[in-house]
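The residues making up each chain are set out below.
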Amino acid sequence: MEFVTALRGTFDDQKPSLFELLSEQQLNSLLPPTLRYLLTVATHRYPRYLLRALNSFDELYALTMLVIERHYLRTRGGSFTEHFYGLKREKALQAEIPRAATRAPELVRDTLKLSGKDVWKNLAVMVAVPYLKRKLDESHEIEAPRALLGANYTRMPANPTLKQRFMHYYKWFIRNVYPSVHAAYYFSIIAFNLAYLFDNTKYHNPFMWLIGTRIRRMNAADFQAIEALGKPKPGNPPSTTTSLLNPRTLGPKILGSLSVMLPMSIFALKFLEWWYASDFAKQLSRKAAENLELPPPIVSGLSALGVKVSQKKSQKDKKEEKGQNKVPVAENAPIATLSLLPIFTVPSPEDSELCPICEDEITTATACQTGVVYCYACIHKWLEGTHPKQEEFMADQAGKWESGQGRCAVTGRRVLGGTEGLRRIMV
């Protein structure tokens, strides 16, 4: 489909296909929701510092993109995402000049390069129009359902102020006029796309036609000009540590590095998507689980027949005394990965009907992710680090041992999700 235009006229190798332009637009439209999602996740952890930024995301994003796009338009000749696809913006001509473009590409580039006025026109199309559209779409999503509630929610209040009068007419415009404007906007885009596909126009977008700017593929002269930006100008002193930290030089370098960060972030995203969807990751996790040596369940003959094992009080007291005299040895305890400290654990009981923590008969059986069964109250307190055994042990061993908080009490393995990772056993 890229060569459809060649069947209706002279083939232009610098004219990008419609599908290149649509891919660039799709990538550009994915940036705001992606950044908003990352900011939302960070706000859940630090709401005190980031909540205001999240509430003003549209304004902050517009200001940030204004700075970034202005830098790329002045230095690369195209937007941030257009540079990723090897595209640029230039002034539109009434007729093509293929000979001049071939013989003197540098002269043609300098002639068709965007001026300062053209840069601001393109910034209005690239930043201001999408921001205005997002705000109008949000207002329509809010005001359209209110129109179904009746005239009490749409009528103008009595003795309105100037602000109330303005908001009333604005909401009326959003409810009654904006849907038609929105539909006309997309119909015009479809018409320009079809005309561009069949080589009937030089513009793929009505706003590009209004400002007289078209999108072209970058050529050798453009890449040479970009390489010249990183070289020191003749006559300037060599760069030092102080000059590198100068905002005038540091800012353009940071903005220029964004063109490298974008493909790296896309690669990282695709790698994570492959990692979690492939069998290779599952095999690694399975091998890691195989190395985990869990104690086998011990089932006594009487308990298998449904007869509870009766123990004498004196024997129970002896076991409790033995349990109190048991002091964990650091050499036999599991070691934490980050702190390299031994983890406080309890031994597995001889009778599987006893809780490893309280060493009594299990009440409200709850299974940990490691497969060990505890009393619900015991393992819940253990994961929160508030069990009396932990507090008594850590009173003298603080800084020398880890209390086992958030870990299985027998194996010392970390429980994902904390107390939410526990599962009640229904018998």
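Residues numbered from 1 in each chain as written. Predicted model: local features only at pLDDT ≥ 70, side-chain atom pairs only at ≥ 80, totals over all residues. Heavy atoms only, no water.

A. Main features of helix α8 (residues 162-197). The sharpest bend along α8 reaches about 55° and sits at valine 177, with the proline proline 179 one to four residues further on. Listed as buried for α8 are His168, Ile174, Arg175, Tyr178, Ile189, Phe192, Asn193, Tyr196 and Leu197. Downstream of α8 by one or two residues, aspartate 199 has phi in the positive range, about 60°. (Bend = angle between axes of the 7 residues up to and from the residue. Helix = DSSP H or I, 4+ residues; strand = E, 2+ residues; numbered from the N terminus. Buried < 20%, exposed > 50% of the residue type's maximum accessible area, 1.4 Å probe, protein only.)

B. Here's a closer look at the nonpolar core. The biggest cluster of nonpolar side chains holds 23 residues, and the ones touching the most others in it are Cys355, Ile357, Tyr374, Ile379 and Trp382. Of all the secondary-structure elements, those providing two or more residues to this core are β4 (373-375), α16 (376-384) and α17 (388-397). Counting residues per element, this core draws most heavily on α16, at 4 residues. The residues touching isoleucine 379, leaving out its near neighbours within four places in the chain, are Ile357, Thr366, Tyr374 and Leu422. Counting 20 residues, the second largest nonpolar core, distinct from the first, contains Leu31, Leu73, Leu114 and Val119. (Core = buried A, V, L, I, M, F, W, Y, C linked by side-chain atoms within 4.5 Å. Contact = heavy atoms within 4.5 Å.)

C. Looking closely at the environment of alanine 195. Its location among the elements puts alanine 195 in helix α8. Taking relative accessible area as the criterion, alanine 195 reaches 21% and is therefore assigned partly exposed. Setting aside its immediate chain neighbours within four residues, alanine 195 contacts Asn200 and Thr201.

D. Broad picture of the confidence of the model for the protein chain. Residues at a pLDDT of 70 or more form 78% of the protein chain, whose mean pLDDT is 79. Between the elements of the protein chain, mean pLDDT differs from a low of 43, seen in helix α14 (residues 301-304), to a high of 93, seen in helix α9 (residues 206-211). Contacts of residues 1-7 to residues separated by more than four positions or lying in other chains number 13 contacts, the stretch itself having pLDDT below 50. Throughout residues 299-313 the model reports pLDDT below 50, and contacts reaching past four residues in sequence, or to other chains, amount to 9 contacts. (pLDDT = per-residue confidence, 0-100.)

E. Representation of the side chain of lysine 88 within the structure. Tracing the backbone through its elements, the reader meets lysine 88 in strand β1 (residues 87-91). Looking at lysine 88, the relative accessible area reads 6%, which means it is buried. Among the polar contacts made by the side chain of lysine 88, one reaches the side chain of aspartate 222 at a distance of 2.8 Å. Non-local contacts of lysine 88, meaning those with residues more than four positions away in its chain, are made with Arg76, Gly77, Gly78, Arg214, Ile215, Arg216, Arg217, Met218, Asn219 and Asp222. (Polar contact = N/O pair within 3.5 Å; in protein donor to acceptor, adjacent residues only side chain to side chain.)

F. Region of interest: the environment of leucine 197. Along the chain, the position of leucine 197 falls in helix α8. Relative accessible area serves as the criterion here: at 12%, leucine 197 is assigned to the buried category. As for leucine 197 and serine 17, which are separated by 180 residues in sequence, their C-alpha atoms are 7.4 Å apart.

G. Summary view of a nonpolar patch on the surface. Where nonpolar side chains cluster on the molecular surface, the patch consists of Leu35, Tyr37, Leu38 and Val41 and spans about 400 Å² of accessible area. Note on placement: leucine 38 falls in helix α1 (residues 18-45). (Patch = residues over 30% accessible without salt bridge, like charges linked within 9 Å, V, L, I, M, F, W, Y side chains within 5 Å. Areas by Shrake-Rupley, 256 points an atom, 1.4 Å probe, with all protein chains shown as cover. Salt bridge = Lys/Arg side-chain N within 4 Å of Asp/Glu carboxyl O.)

H. Structural detail: the pairing of β1. Judged by how many residues are buried, β1 sits mostly within the fold: 4 of 5 residues are covered. Looking at chain direction, β1 and strand β2 (residues 213-217) are connected through 5 bridges and run antiparallel. Each bridged residue has a counterpart across the sheet, and for lysine 91 the counterpart in β2 is threonine 213. (Pairing = 2+ DSSP bridges.)

I. Highlighting unusual backbone geometry. Even without being a glycine, glutamate 359 presents a positive backbone phi close to 60°. Checked against the element boundaries, glutamate 359 lands in the loop between α15 (313-325) and β3 (365-367). By relative accessible area, glutamate 359 is classed as partly exposed at 31%. Residues other than glycine seldom take positive phi values, yet threonine 364 does so here, at roughly 55°. Since its relative accessible area comes to 39%, threonine 364 is described here as partly exposed.

J. Looking closely at the packing of aromatic side chains. In total, this model carries 9 aromatic pairs according to the counting rule given. A ring pair is formed by tyrosine 185 and tyrosine 186, whose centres lie 5.2 Å apart and whose planes are at 75°; its orientation type is edge-to-face. Note on phenylalanine 393 and tryptophan 401: the rings are 5.2 Å apart at their centroids and 90° apart in plane angle, and the pair reads as edge-to-face. Given a relative accessible area of 15%, phenylalanine 393 falls into the buried group. Exposure remark for tryptophan 401: the relative accessible area of 9% places this residue in the buried category. Aromatic ring contacts, followed pair by pair, group Phe344, Trp382, Phe393 and Trp401 into a single cluster. (Phe/Tyr/Trp six-rings, centres within 6.5 Å; stacked < 30°, edge-to-face > 60°.)

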